[in-house]
Amino acid sequence: MDLINILPDSVANQIAAGEVVDRPASAVKELLENAMDAGATQIDLVVKDAGRTLIQVIDNGCGMSDSDARLCFERHATSKIHQSNDLFAIRTMGFRGEALASIAAISQVELRTRLHDNELGTQVIIEGSQIVSQQPTACPPGTSMAMKNLFYNVPARRNFLKKDSVELSHIEEVFRRVTLIHYDLGFTLTSNGKLLYDLKAGSMLQRISQLYSNTYKERFYSVEEETDLLKIKGFVGKPEYARKTRGEQYLFVNGRFIKHPALSAAVERAYEGMLGDHCYPSYFIGLQVDPSRIDINIHPTKTEVKFVDEHAMFAILRSAVKKALGQFTLATELEFNTPAEFNIPPAPKGYVPPMPQISYNPNYNPFSSTPSQTHLHLEKVPKDFKTLNDLKNTKDLTPPPSLPKSTCLQVQNHYIVTPLTSGLAVIDQQRAHERILFDQLKQSNNQAIKQSQTLLFPVNCQFSAADADMFNELLPDLKDYGFAIDAMGQCTFVVTATPPDIKESELQECFDRMLADYKSSTLQKFNNRSQSLCTSLARQMAIKPGKTLSQEEMQQLVADLFACPQADTTPNGKKIITIVKPEELLK
Ligand code: ADP
Ligand code: MG
């Protein structure tokens, strides 16, 4: 008895579709690539229910003839290669002639397409690989490919789809991978009737900031290099913006997003010695290589590639990134040519520092011409403002007391030195501010009416899919601290109000670090999520070492610090103040 039979095309296509289209996002990728291959300059992506119900790509590319409009759904139907030699000179995104055959096998497709020279276009409806109808239609030049009810005939696969938010974030990721490198084309993305992105053709940096946030413009150095083998053009993140997670690391070859561990390592190696532990830089790097030196064909979705000259490429890429980082950091190094560490002699073992005491000179007038009073020396304690303890116990000192006007001195833009009765206080400016902000945030959290400032211009913040999920979870807590934040799309959030004293330009940064903190184990020791969030926010928002402070700012900071019940340590238990005692000064 013969057992073998040849599978009908529709079944064969359905099986093969599994390789090309495993989820809505992969269909999106294929359709966007086809539109670009057709020479479109404007490409609109429309999805409903994260692609489950509808994925439509409308382009103004070359369009198709009546017979091509039918043929394009056949397996191995492609206009992009003709013979096997062509495989080594591929400049288009597609070439396998598989995508549309696969898509038509597992959904209901409506194609409307028109050549620019024709008056009428053609409409083809195809379901489960069977052409249902073809008729002339009036439509704009170009192509609209609408695939409806993905996996309608493959329930098993339909059931494998994740919830809409997850599938949509995959679609957004595909959209970013395509649009980041094709910044010379216009794109839109509409989801359930809402326009999520409207990207105008422009420069790569413009595209990055359109996709992420305007603040990204200051976060990158440009990399540009041209050798016979390799052309490099892109942007690498400044080391200070490195993140604890591998977030935005995008590598492209000949207009295609790729994953290439060795080349990614080349970029990261260029940062050697510039980043903290477990910090990863962001980068967007486009490479141009002679297509004959690449084998793209090794993976059906074409994200993995092999290069003939991998070693040379590694070296070129690494030194190009190094150059970009070096060239630009030289200037800043010259500016801040001072060691960051300020040596405070370690206290003897078992030594418990006395509570700092504050003194001020009530007669001090910054505008008076007697200079002696502005010198740093230990002032006599005025009767009514004796010690820190007194200060703390005075109920009417909250909100912040009027300034105790000891002169402050900033050392290395990192420490504030100010005289107290017990000696000379050396205050770490960031840690001090951290404590002040922490107490403020906590207070705001407890109050029924939140302290909040409405932003003149709402700020968009953008996260990776995973981070966005986490951020969503934290939104209620953030609201308690006086933030007003709305989700817009899966990965974008609009901030319309913040607690007082937050710089809008630093919001993204602040949230990024907060999320990194939240993920890292350092915050696990707090069993209270709100507390850990508050700690992290305070740290992110605090002024950093390196910031020059005016006399008034320093005095305000010192006064605010001493108004805190726990002025001597940060919420994380780090020491804020060191006292150099008079005896030590004498020595
Ligand atoms: P491939 O892209 O690998 O050639 P596809 O199945 O994606 O295979 O597409 C088959 C063919 O259909 C393409 O080679 C192209 O000629 C035609 N085609 C697909 N999409 C478009 C489009 N948006 N505009 C014009 N032609 C298209
Ligand atoms: Mg294709």
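Keep in mind the model is a prediction, meaning the values are calculated, not measured. (Residues numbered from 1 in each chain as written. Chains lettered and ligands numbered in written order. Predicted model: local features only at pLDDT ≥ 70, side-chain atom pairs only at ≥ 80, totals over all residues. Heavy atoms only, no water.)

**Some details on empty space enclosed by the protein**
Applying the stated criterion across every chain, the model contains 2 cavities of 30 Å³ or more. Grouping the amino acids of the lining of the largest cavity by side-chain chemistry returns 5 nonpolar, 2 polar and 4 charged. (1 Å grid on protein atoms, 1.4 Å probe; cavity = no way out; pocket = protein on both sides within 12 Å on 5 of 7 lines; lining within 4 Å. Points joined across faces, edges and corners; volume = space filled by probe spheres on them. Nonpolar A, V, L, I, M, F, W, Y, C, P; charged D, E, K, R; others polar.)

**Here's the deal with helix α8 (residues 261-270)**
Residues spaced three or four apart along an α-helix face the same direction, because each turn holds 3.6 residues. Among all positions in α8, only Leu 263, Ser 264, Ala 266, Val 267 and Ala 270 are buried. For α8, the angular spread of buried residues about the axis comes to 150°, placing them on one side. (Buried < 20%, exposed > 50% of the residue type's maximum accessible area, 1.4 Å probe, protein only. Helix = DSSP H or I, 4+ residues; strand = E, 2+ residues; numbered from the N terminus. Arc of directions from axis to C-beta.)

**Section: unusual backbone geometry**
Even without being glycine, Asn 149 reaches a positive phi, approximately 50°. The topology assignment puts Asn 149 in the loop between β6 (142-148) and α5 (155-160). Its identity as a non-glycine residue notwithstanding, Gln 412 has a phi of 55°, on the positive side. Residue classification places Gln 412 among the partly exposed positions, given a relative accessible area of 34%.

**Here we look at the pattern of salt bridges**
In this structure the tally under the stated criterion is 20 salt bridges. Of the charged contacts in the structure, one is a salt bridge between Asp 198 and Lys 200, with a shortest N-O distance of 3.0 Å. Taking the shortest distance from any N to any O, the salt bridge between Glu 583 and Lys 581 comes out at 3.9 Å. The class for Lys 581 is partly exposed, based on a relative accessible area of 24%. (Salt bridge = Lys/Arg side-chain N within 4 Å of Asp/Glu carboxyl O.)

**Regarding the sheet that holds strand β19 (residues 453-462)**
One open sheet accounts for 3 strands, arranged β19-β21-β20; its pairing is antiparallel. Every other strand in the sheet has two partners, leaving β19 and β20 (484-488) as the edge strands with one partner each. Each strand axis lies, on average, 20° off the axis of its neighbour in the sheet, ignoring direction. Direction of pairing for β20 relative to strand β21 (residues 492-498): antiparallel, over a ladder of 5 bridges. Bridge pairing links Ile 485 to Val 495 in β21. (Pairing = 2+ DSSP bridges. Axes fitted to C-alpha atoms, helices over the stretch in contact; angles between N-to-C directions.)

**Observations regarding the nonpolar core**
Membership of the largest hydrophobic core comes to 62 residues, with the highest contact counts inside it found for Ile 43, Leu 45 and Phe 73. Residues within four places of Ile 43 in sequence aside, it is in contact with Leu 32, Ala 35, Met 36, Val 57, Ile 58, Asp 59, Leu 185, Gly 186, Phe 187 and Thr 188. (Core = buried A, V, L, I, M, F, W, Y, C linked by side-chain atoms within 4.5 Å. Contact = heavy atoms within 4.5 Å.)

**Focus: the site of ligand 1**
As a matter of local geometry, ligand 1 sits amid 19 residues, with Asn 34, Thr 78, Ser 79, Lys 80 and Gly 97 nearest to it. Contact distances for ligand 1 include 2.8 Å between an oxygen atom and a side-chain N or O atom of Asn 34. Interatomic distance of 3.3 Å between a side-chain N/O atom of Thr 143 and a nitrogen atom of ligand 1. Contact with the protein chains covers 92% of the free accessible surface of ligand 1, which is 530 Å². Looking at the shell around ligand 1, its residues break down into 8 nonpolar, 7 polar and 4 charged. (Near = heavy atom within 4 Å. Polar contact = N/O pair within 3.5 Å; in protein donor to acceptor, adjacent residues only side chain to side chain. Areas by Shrake-Rupley, 256 points an atom, 1.4 Å probe, with all protein chains shown as cover.)

**So, the sheet that holds strand β9 (residues 220-226)**
Across a sheet, strands are paired by hydrogen bonds formed along the backbone, either parallel or antiparallel in direction. Strand order across the open sheet formed by 5 strands is β9-β10-β13-β11-β12, with mixed pairing between neighbours. Of all the strands in the sheet, just β9 and β12 (256-258) have a single pairing partner and so form its edges. Across the sheet, the mean angle from the axis of one strand to that of its neighbour is 20°, orientation sign disregarded. Pairing analysis gives 5 bridges linking strand β11 (residues 249-253) to strand β13 (residues 283-289), with the strands arranged parallel. Across the sheet, Gln 249 pairs through a bridge with Tyr 283, a residue of β13. Sheet contacts for α8: β11 and β13; angle to β13, the most-contacted strand, approximately 125°.

That's the geometry; what it means functionally is another story.
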